[in-house]
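For reference, the chains in residue letters:
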Amino acid sequence: MNDSPFLSGEVSDLDVGINTIDDLIEAYKRIGGFQGRYMADAAEVLLSMYNDLNTTVFLSFTGNLISTGLRGLIARFIESGFVDVIITTAGTLDHDIAKSMGGKYYQSYFDVDDIEMSKAGIHRIGNVAVRKEHYGPLIEKFVHSSLEDLSKTREEWGVRELLWELGKRIDDDYSILRAVSKAKVPIYVPGFVDGAFGTAILTYNEMQRTRIGGKQVRIDLLRDEHELMDIVYSSKSLGALIIGGGISKHHVIWWSQFAGGLDYVVYITMAIEWDGSLSGARPKEAITWGKVKPTARQAFVLEDATVVLPILIPYIIKKIGFRKGVRVIN
């Protein structure tokens with residue numbers, strides 16, 4: 001028995017009998033160090049969060065993940081009811097639309113010659129690559145054609161409303177926009193102009209401005225913020241799975257403070273806290289701002305999401321099955 005505040009469970013040696021994801025999570029609980037232990041903590045917090053039927057669950061992630069094969073895994077997570085609200089970055093929209101419109105993404109390398117790569121007409125996202133013609137032109141064409149139709153019905157849109165409509169026009173089983181549109185999960189992108197999607201809206205309006213009878217599309221960004229405010233204020237409890245940092249992370253915890261803070265939170269990031277950045281800040285720092293409750297169940301995993309999510313998401317789905325999500329918008 002252990003009665004010291006400095007000690008937790010005893011470290012156990014592993015054998016080779018790890019055959020399932022359940023075995024792996026159990027192994028992480030017993031090995032004691034280092035990030036594996038926090039993977040197990042994250043799994044426990046997520047199970048507690050999803051078993052709390054009063055909790056509205058936010059999913060926050062950065063757009064770079066959608067350039068990888070995690071896109072399909074996240075779409076399945078949404079379809080299985082484990083996401084009530086999404087907050088993400090403009091890159092999510094860009095990569096999702098490009099892939100849905102036939103854009104091909106390829107495995108590449110971090111240490112390529114970027115000058116030669118650019119000459120070859122290829123964009124690089126870490127060690128993922130996409131040809132230039134499979135990116136910007138596909139996004140612009142899809143956005144312009146969609147706005148041509150939608151502008152005939154309304155002139156002013158919230159970003160979330162617009163994204164749901166775009167999702168209806170996508171025929172791709174792995175699409176994030178298609179998944180949120182079908183499941184009626186609100187998706188908010190506070191920095192939506194910071195990418196090809198936002199620029200395509202701008203170029204569409206510029207084209208319409210020079211056309212006789214052309215109809216521009218107006219974006220009401222504060223409409224999304226009003227929706228977020230209503231969701232937060234009407235929720236009995238708040239939880240969040242936050243992958244990466246930046247604006248998508250901060251927007252979740254920013255709004256959470258107005259309801260007293262998150263009750264459950266898991267951070268997954270590779271950023272460090274020593275530079276004082278929001279991206280590397282741990283959940284305990286958010287307590288000082290009222291964004292995470294002092295009593296919150298919390299976990300922090302300092303690891304690459306492409307390593308963590310293929311373990312955690314199937315584990316959660318296997319343990320719980322289908323979750324009836326909290327319908328926050330009709």
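Residues numbered from 1 in each chain as written. Predicted model: local features only at pLDDT ≥ 70, side-chain atom pairs only at ≥ 80, totals over all residues. Heavy atoms only, no water.

Asks: Please clarify how the sheet that holds strand 7 (residues 187–188) should be interpreted in this entry.
Replies: The strands that make up a sheet pair up through hydrogen bonds in the backbone, lying either parallel or antiparallel. The six strands are arranged 7-2-1-9-10-11 in an open sheet whose pairing can be described as parallel. The sheet is open, and its two borders are formed by strand 7 and strand 11 (292–302), each paired with just one other strand. Judged from the seven bridges that link them, strand 10 (residues 262–269) and strand 11 form a sheet pairing that is parallel. Within the sheet, the bridge partner assigned to Thr-269 lies in strand 11 and is Leu-302. (Pairing = 2+ DSSP bridges. Helix = DSSP H or I, 4+ residues; strand = E, 2+ residues; numbered from the N terminus.)

Asks: Mind showing me how you'd approach the packing of aromatic side chains here?
Replies: The geometry of two aromatic rings is summed up by the distance between their centres and the angle between their planes. All told, the structure shown has five aromatic pairs when counted by the stated rule. With 6.1 Å between their ring centres and 85° between their planes, Tyr-50 and Phe-77 make a pair best called edge-to-face. Pair noted here: Tyr-50 is in helix 2 (residues 35–51) and Phe-77 is in helix 3 (residues 70–79), with a separation of 27 residues, a long-range link. Like Phe-77, Tyr-50 is buried. Within the aromatic cluster, the residues linked to one another by ring pairs are Tyr-50, Phe-77 and Phe-82. The ring of Trp-157 carries the charged tip of Arg-154 above its face, separated from the ring centre by 4.1 Å. Between the NZ or CZ atom of Arg-160 and the centre of the ring of Trp-164, over which it lies, the distance is 4.3 Å. (Phe/Tyr/Trp six-rings, centres within 6.5 Å; stacked < 30°, edge-to-face > 60°. Buried < 20%, exposed > 50% of the residue type's maximum accessible area, 1.4 Å probe, protein only. Lys NZ or Arg CZ within 6 Å of the ring centre and 35° of its normal.)

Asks: Explain the environment of Ala-98 here, please?
Replies: One can find Ala-98 in helix 4 (residues 90–100). According to the relative accessible area criterion, Ala-98 is buried, its value standing at 0%. Measuring from C-alpha to C-alpha, the distance between Ala-98 and Leu-138 comes to 5.8 Å, with 40 residues separating the pair along the chain. Contacts of Ala-98, omitting those with residues within four sequence positions, involve Gly-103, Tyr-105, His-134, Tyr-135, Leu-138 and Ile-139. (Contact = heavy atoms within 4.5 Å.)

Asks: How should helix 11 (residues 246–256) be read in this particular structure?
Replies: Structural remark: α-helix, 3.6 residues per turn; residues separated by three or four positions point the same way. Ser-248, Lys-249, His-251, Val-252, Ile-253, Trp-255 and Ser-256 are the residues of helix 11 that are buried. Residues of helix 11 that are buried sit in contact with strand 1 (55–61), strand 2 (85–88), helix 10 (221–234), strand 9 (237–243) and strand 10.

Asks: How do you make sense of a nonpolar patch on the surface when you look at a structure like this?
Replies: A surface patch of nonpolar side chains, about 320 Å² in accessible area, is lined by Tyr-233, Trp-254 and Phe-258. Inspection of the secondary structure assignment puts Tyr-233 in helix 10. (Patch = residues over 30% accessible without salt bridge, like charges linked within 9 Å, V, L, I, M, F, W, Y side chains within 5 Å. Areas by Shrake-Rupley, 256 points an atom, 1.4 Å probe, with all protein chains shown as cover. Salt bridge = Lys/Arg side-chain N within 4 Å of Asp/Glu carboxyl O.)

Asks: I tried to follow the nonpolar core on my own but got confused; where do I start?
Replies: Side chains of nonpolar character tend, in soluble globular proteins, to be buried together. Counting residues in each nonpolar core, the largest one holds 92 residues, and the members touching the most others are Phe-58, Phe-197 and Ile-268. No other element matches helix 2, which puts nine residues into this core. Aside from chain neighbours lying at most four places away, what touches Phe-58 is Val-85, Ile-87, Leu-228, Ile-231, Val-232, Leu-238, Gly-239, Ala-240, Leu-241 and Val-252. (Core = buried A, V, L, I, M, F, W, Y, C linked by side-chain atoms within 4.5 Å.)

Asks: Which parts of the structure should I look at to understand unusual backbone geometry?
Replies: It is generally the case that most residues other than glycine have a negative phi and that most peptide bonds are trans. In the segment running from Gly-33 into Phe-34, the intervening peptide bond is cis, with an omega of -10°. Along the chain, Phe-34 turns up in the loop between helix 1 (21–31) and helix 2.

Asks: Where do I start with the side chain of Arg-160 in this structure?
Replies: Structurally, Arg-160 can be placed in helix 7 (residues 159–168). At 2.6 Å, the side chain of Arg-160 forms a polar contact with the side chain of Glu-227. (Polar contact = N/O pair within 3.5 Å; in protein donor to acceptor, adjacent residues only side chain to side chain.)

Asks: Sorry if this is basic, but what is going on with helix 8 (residues 176–183) here?
Replies: Among the eight residues of helix 8, six are classified as buried, and the element is accordingly described as predominantly covered. Buried residues of helix 8: Ile-176, Leu-177, Arg-178, Ala-179, Val-180 and Ser-181, and no others. Here the buried face of helix 8 lies against helix 3, strand 2, helix 4, helix 7 and strand 7. The backbone nitrogen of Leu-177 has a side-chain oxygen 3.2 Å away, supplied by the residue at the start of helix 8, namely Ser-175. Lys-184 lies just past helix 8 and shows a positive phi near 55°.

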